[in-house]
Amino acid sequence: MFILRDLLRPLQAHFSETDLGRERASLFVYTLLAVIVPFTSSMSSNLWRALATLFGIEIKQKRFYTFMASSTLPWQKLWSTLWGLIPSPTTDGRLLVGLDDFINPKVGKHIFGCESIFDHAAKANQSAYPWAQNVVSIGLLKPVKGRWACLFLGFRFYLPNKTIAEQKATAKIKGQVVSFQTKLAQAAELLIAVAAYFASVPMLAVTDSWFGNQGLWKPVRQAIGKRFHLLSRLRSNQILYELPKTPSSDSKTRGRRCQYGRRLGTVTDRAHALRQQAAAYQVKLYGKAREVLAVEQTVMLKTLKCPVKVVWVFRKTQWVALFTTDLDLSVTQIIEYYGARWKIESGFKELKQDIGSQKASVGMPRP
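Computed from a predicted structure; not experimentally measured.

Asks: Looking at this model, I keep getting lost on the pairing of strand S4 (residues 147-158). Mind explaining?
Replies: A regular strand places its side chains so that they alternate between the two faces of the sheet. The sheet contact formed by strand S3 (residues 131-144) and S4 spans 11 bridges and is antiparallel. Note on S4: the bridge partner recorded for Val-144 is Arg-147. Connecting S3 to the antiparallel partner S4 that follows it, the hairpin turn spans two residues, and Lys-145 within it adopts a positive phi of roughly 55°.

Asks: I'm lost on empty space enclosed by the protein in this one. Help?
Replies: All chains considered together, the criterion is met by one cavity of 30 Å³ or more. Estimated volume of the largest cavity: approximately 50 Å³. Contributing to the lining of the largest cavity are Gln-76, Trp-79, Trp-83, Leu-153, Gly-154, Arg-156, Leu-190 and Ala-193. Residue assignment for the lining of the largest cavity shows that the elements contributing at least two residues are helix H5 (75-84), S4 and helix H7 (183-197). Class assignment of the residues belonging to the lining of the largest cavity gives a composition of five nonpolar, two polar and one charged.

Asks: When you look at the packing of aromatic side chains in this model, what are you seeing that I'm missing?
Replies: How two aromatic rings sit relative to each other is given by the distance of their centres and the angle of their planes. If you walk through the whole model with that rule in mind, you get 15 aromatic pairs. Taking the centre distance of 6.1 Å and the plane angle of 65° together, the rings of Phe-28 and Trp-75 count as edge-to-face. Of this pair, Phe-28 sits in helix H2 (residues 19-36) while Trp-75 is found in helix H5, placing the two residues 47 residues apart along the sequence. Among the residues examined, Phe-28 registers a relative accessible area of 10% and is labelled buried. Ring centres of Tyr-241 and Tyr-260 lie 5.8 Å apart, and the angle between their planes is 55°; on these two criteria the pair is classed as tilted. Of this pair, Tyr-241 sits in strand S9 (residues 239-241) while Tyr-260 sits in the loop between S9 and strand S10 (263-266), placing them 19 residues apart in sequence. The residues Tyr-241 and Tyr-260 share a single accessibility class, namely buried. Through pairs of rings, three or more aromatic residues link up here, namely Phe-15, Phe-28 and Trp-75. We note Lys-183 situated over the ring of Trp-210; from NZ or CZ to the ring centre the distance is 5.6 Å.

Asks: Is there a simple way to explain unusual backbone geometry in this structure?
Replies: At Lys-305, a position not held by glycine, the phi torsion is positive, near 60°. Among the secondary structure elements, Lys-305 is positioned in the loop between strand S12 (288-301) and strand S13 (306-315). A positive phi angle, near 55°, is found at Lys-316, a position not held by glycine. Mapping Lys-316 onto the fold places it in the loop between S13 and strand S14 (318-324).

Asks: How should the packing of H5 against H7 be read in this particular structure?
Replies: The axes of two packed helices give the description: the angle between them and the distance between them. It is the contact of H5 with H7, at a shortest axis distance of 11 Å, that shows an interaxial angle of 50°. On the basis of the axis angle, H5 is oblique to H7. In this structure, the crossing between H5 and H7 has a hand that is right-handed. Facing Ser-80, Trp-83 and Gly-84 of H5, the residues of H7 in contact are Ala-193, Val-194 and Tyr-197.

Cut-offs and rules
Residues numbered from 1 in each chain as written. Predicted model: local features only at pLDDT ≥ 70, side-chain atom pairs only at ≥ 80, totals over all residues. Heavy atoms only, no water. Pairing = 2+ DSSP bridges. Helix = DSSP H or I, 4+ residues; strand = E, 2+ residues; numbered from the N terminus. 1 Å grid on protein atoms, 1.4 Å probe; cavity = no way out; pocket = protein on both sides within 12 Å on 5 of 7 lines; lining within 4 Å. Points joined across faces, edges and corners; volume = space filled by probe spheres on them. Nonpolar A, V, L, I, M, F, W, Y, C, P; charged D, E, K, R; others polar. Phe/Tyr/Trp six-rings, centres within 6.5 Å; stacked < 30°, edge-to-face > 60°. Buried < 20%, exposed > 50% of the residue type's maximum accessible area, 1.4 Å probe, protein only. Lys NZ or Arg CZ within 6 Å of the ring centre and 35° of its normal. Axes fitted to C-alpha atoms, helices over the stretch in contact; angles between N-to-C directions. Parallel < 35°, antiparallel > 145°, perpendicular 65-115°, else oblique. Left-handed = near helix turned anticlockwise from the far one by under 90°. Contact = heavy atoms within 4.5 Å.

Take a look at the structure:
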């Protein structure tokens, strides 16, 4: 209880001293306690019942729902305070930040952020276009008691440009239509905010191939400099190049220095060429020590316009190519860090189960 007191009191400090502010501060922390207590799922209706049953807080259901969907809560200050409460956030001297998006199916037709969204992971008996919120999120990846864990650090609701252009009710906050942002712009904004809080600490963003491109790399790199790096998966048809040759001191070649070396072919071509050179590495993946076959090579990517270290991991007849802009990372670190990325995926599943997902009739609090 003392730990919870020390964690929750700093969050209450961001609410105003008015009667409404004090009421919201109390509701905010008791709602968090209701989520933590293994009493029931964290659907808004169940949380409302838990407040009365566990803590004796009587509040009208409509008023509580209004609080849960409020767009005026001091979310940025609350997130910053949460970041400051994390003990020892770094791993190997870096902030490891997982990045991905997920869809959160809903039932209510007037929930903010909802739209008919394509679900690429839909099963055969599920709709390919569920009514859902599309949420871009980042989370801190950190080993806890020998296993990787993911602590979410921020969210952004993504809405398609057509939904905003049509000025649908689900794209409005207090009657005003929200401005459009791409998923990459939202992800960059989240990463920049966390990097600004943890000033001077190197950051490594671990993401899938959809986010691992120039659209994310360029704006974040420009904002926070060389302490930002990317770890992602390479597409099989990506073209690779050798590092440019350093001209000798007596070279009389005119013109601008070449930015790229010889063309090496696609990622698939290099996988076939380097497979015989693969060596065995001991890596801790998914909570177990495993032996993997892998080979590395430092190459140039035209999509990022910088050198990257590529690691091909082989398993029977299959392989996967990972890359990072942090050339100091070892092969085992690259494989283990990317394996830890799965924790943000499992975190999405736990989060949606916890909040009731399709059963919920009220939207999540807006970040």
